[in-house]
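Letter by letter, the chains look like this.
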Amino acid sequence: MENNRASFGSNFGFIMAAVGSAVGLGNIWGFPYKMGMSGGFAFLLVYLVLAVFVGLAVMVGELAIGRKTGMSPVAAYRKLSKKFTWMGYMAVLVPFLVLCFYFVLGGMVTRYALGYLTAIFGWNTWNVSDIADFFGSFILNGGSMILWTAIFIAINAFVGMPALFVMLLIVIIYVACQPGAGGGYKFMFGWNIKPLQEDFLKVLKTAAGQMFFSLSLGMGAMITYGSYLKKQESVQKNAVIVVICDTLVAIMAGMIVMPACYAFLGGETSSGPGLLFLSMQIVFSKMGYVGNIMGFLFYALVFIAAISSSMSLLEVITSFKVDQNVEQGKAPGRKKYAIIVAILVFVFCLPTALDGLGSGTNGGATIGNPADVLGMHWAEAGDITEFAEGTTYYVKGDDGIYTKLAADEAFVEGETYYLDTSKTWNADWLDFYDMLSEGIMMPLGALVMAFGIGWIWKIDMIVEECEQSGHKFWGKGFFNLCYKIITPIGMAFVLYAQITGFFG
Ligand code: TRP
């Protein structure tokens, strides 16, 4: 059974597929908003350290395990050791959880792409542009005529990932020219580790989750990709390329959104999952008519990036079922199960789509935030002797309703004050699914895998797999350190931070 898998025609094909799966909404939507909420430079620093010391090793490990076993996650882990089969099952559950918000975001991106597309033709589907004399001004506008020509050539020449790269570059330059943008670079790149001193665990857990999510790690995706990687290709080289390309795209997205926040939103970077849509809306409207074209291209390319990622996520779940069917001698039923899984995910997407991204029922959304629904909204402030600065306190009325204290309210000894905990963890359904998948299960998966490689199966298993066809495994000491010590300990901290955050 070892080697009878079809593999990619060329290594370039493999890299495009792996990078295509890794680069997605995680990079363009997730990275900027998490950076915005978690200290800018401090977040970037922790992210990069994790990518080098944890991400790279886990990437090499997953690709090697996948290629060695030639199987999808459940069968692959079972083959390595019966005791680790549950890791394979987790690798099927995690993509499911991810898709429960990924599809919703994909839908939002599509809406934005179409909104800008219709605006280009002057159909004002969201009332931003002026359609008067459209044709006359269009043909007389040399700038946009040239732009359209260039776009057409560009789409012909590149399409897909490279086009996204070029698009990001153009928007980076545009945003850089806006007054006030400099604050964004300072936020991102200016040495400032205060957020680490204030709340190291928060930055660590946010950056770690983001790193796994963005690199598609800790959930079997790269095991599946590895099973398609040819034996004569270098596992390590491919892992390095995927990690670098993915990180580059994320940083580019940050270099658009952060400066845009400083130029147009008064430096407010912490608005959460809506940040991409909110900030880009202003950027494109500032461009005038051309903004419609740029907006369309931007979201169309993000759409392509998102589709290539969500398809591979769906595939992880579907192929689990298909492999199981084949094993039991049943018909594979690929199409059928792809549809069943998609419908099932759709149902679980409904809360994400209906809670108004955390607006909750008070904010006019159809359903409440997870904290409301699960009744985890309130916690007693405990034995306090004065109000802490920057914290909002509530009192509970006889009718059970919590009322916010006014800013100048005097502290009353013996009174029970409450805190709104829904703001500290999974404020909305998106965060809730996100926290379960990238917050807990991905780090757990990475911890167990790294521990297994470091202490049980030993790094020689990886070295042997990587050294086929005359490739030399470099940095054995470094990787061994990553598997044995850095990843397990680092991830134990992440899980600790996540779980204490969860229970307040
Ligand atoms: N990395 C993808 C992104 O940044 C999302 C993702 C997470 C993914 N895990 C995956 C894609 C597994 C494919 C397979 O958007």
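Nothing here was measured: the structure is a model prediction, and the numbers come from that model.

Rules behind the numbers
- Residues numbered from 1 in each chain as written.
- Predicted model: local features only at pLDDT ≥ 70, side-chain atom pairs only at ≥ 80, totals over all residues.
- Heavy atoms only, no water.
- Helix = DSSP H or I, 4+ residues; strand = E, 2+ residues; numbered from the N terminus.
- Contact = heavy atoms within 4.5 Å.
- Core = buried A, V, L, I, M, F, W, Y, C linked by side-chain atoms within 4.5 Å.
- Buried < 20%, exposed > 50% of the residue type's maximum accessible area, 1.4 Å probe, protein only.
- Near = heavy atom within 4 Å.
- Polar contact = N/O pair within 3.5 Å; in protein donor to acceptor, adjacent residues only side chain to side chain.
- Areas by Shrake-Rupley, 256 points an atom, 1.4 Å probe, with all protein chains shown as cover.
- Nonpolar A, V, L, I, M, F, W, Y, C, P; charged D, E, K, R; others polar.
- Phe/Tyr/Trp six-rings, centres within 6.5 Å; stacked < 30°, edge-to-face > 60°.

Colleague: How would you sum up the environment of Leu 204? Please name residues and give values.
Modeller: Topologically, Leu 204 is positioned in helix H10 (residues 194-214). Taking the C-alpha atoms as reference points, Leu 204 and Ala 497, 293 residues apart in sequence, are found 8.3 Å from one another. Every residue in contact with Leu 204, bar those within four places of it in the chain, is listed here: Val 46, Leu 50, Gly 490, Phe 493 and Val 494.

Colleague: Help me get a handle on the nonpolar core, residues and values and all.
Modeller: Of all hydrophobic cores here, the largest spans 141 residues; its most connected members are Phe 298, Tyr 299 and Tyr 483. Of all the elements, helix H5 (residues 85-120) adds the most residues to this core, at 18 residues. The residues contacting Tyr 483, other than those within four sequence positions of it, are Ala 57, Val 58, Val 60, Gly 61, Met 449, Ala 450, Phe 451, Ile 453, Gly 454, Ile 459, Ile 462 and Pro 488.

Colleague: Any chance you could break down the site of the ligand for me, citing the residues and the numbers?
Modeller: Close to the ligand lie 15 residues; Ala 22, Gly 26, Tyr 102, Phe 213 and Ser 216 are nearest. Here an oxygen atom of the ligand and a backbone polar atom of Leu 25 are 3.1 Å apart. In the environment of the ligand, an oxygen atom lies 2.9 Å from a nitrogen or oxygen atom belonging to the backbone of Gly 26. Considering the ligand on its own, with 360 Å² of exposed area, one finds that the protein chains cover 100% of that surface. At the level of elements, helix H1 (11-22), helix H2 (25-37), H10 and helix H14 (289-327) are the ones that each hand at least two residues to the shell around the ligand. For the shell around the ligand, the residue count by class is seven nonpolar, eight polar and no charged.

Colleague: Outline the packing of aromatic side chains, listing residues and values.
Modeller: Counted under the stated rule, the structure contains 32 aromatic pairs. The interplanar angle of 50° and the centroid separation of 6.2 Å between the aromatic rings of Trp 429 and Tyr 433 together place this pair among those described as tilted. With Trp 429 and Tyr 433 both in helix H17 (residues 429-456) and four residues apart, the pair spans about one turn of that helix. You can call Trp 429 buried: its relative accessible area is 10%. Tyr 433 gets classed as buried once you look at its relative accessible area, which sits at 5%. With centroids separated by 6.5 Å and ring planes inclined at 35°, the aromatic side chains of Phe 451 and Trp 455 adopt a geometry described as tilted. You can see Phe 451 and its partner Trp 455 sitting in helix H17, four residues apart, about one turn around the helix. Taking the relative accessible area as the measure of exposure, Trp 455 reaches 41% and is therefore partly exposed. In textbook terms, an aromatic cluster arises when at least three aromatic residues are bridged by ring pairs, as seen for Phe 53, Phe 473, Trp 474, Phe 478, Phe 479 and Tyr 483.

Geometric descriptors of this kind do not, in isolation, establish any biological role.
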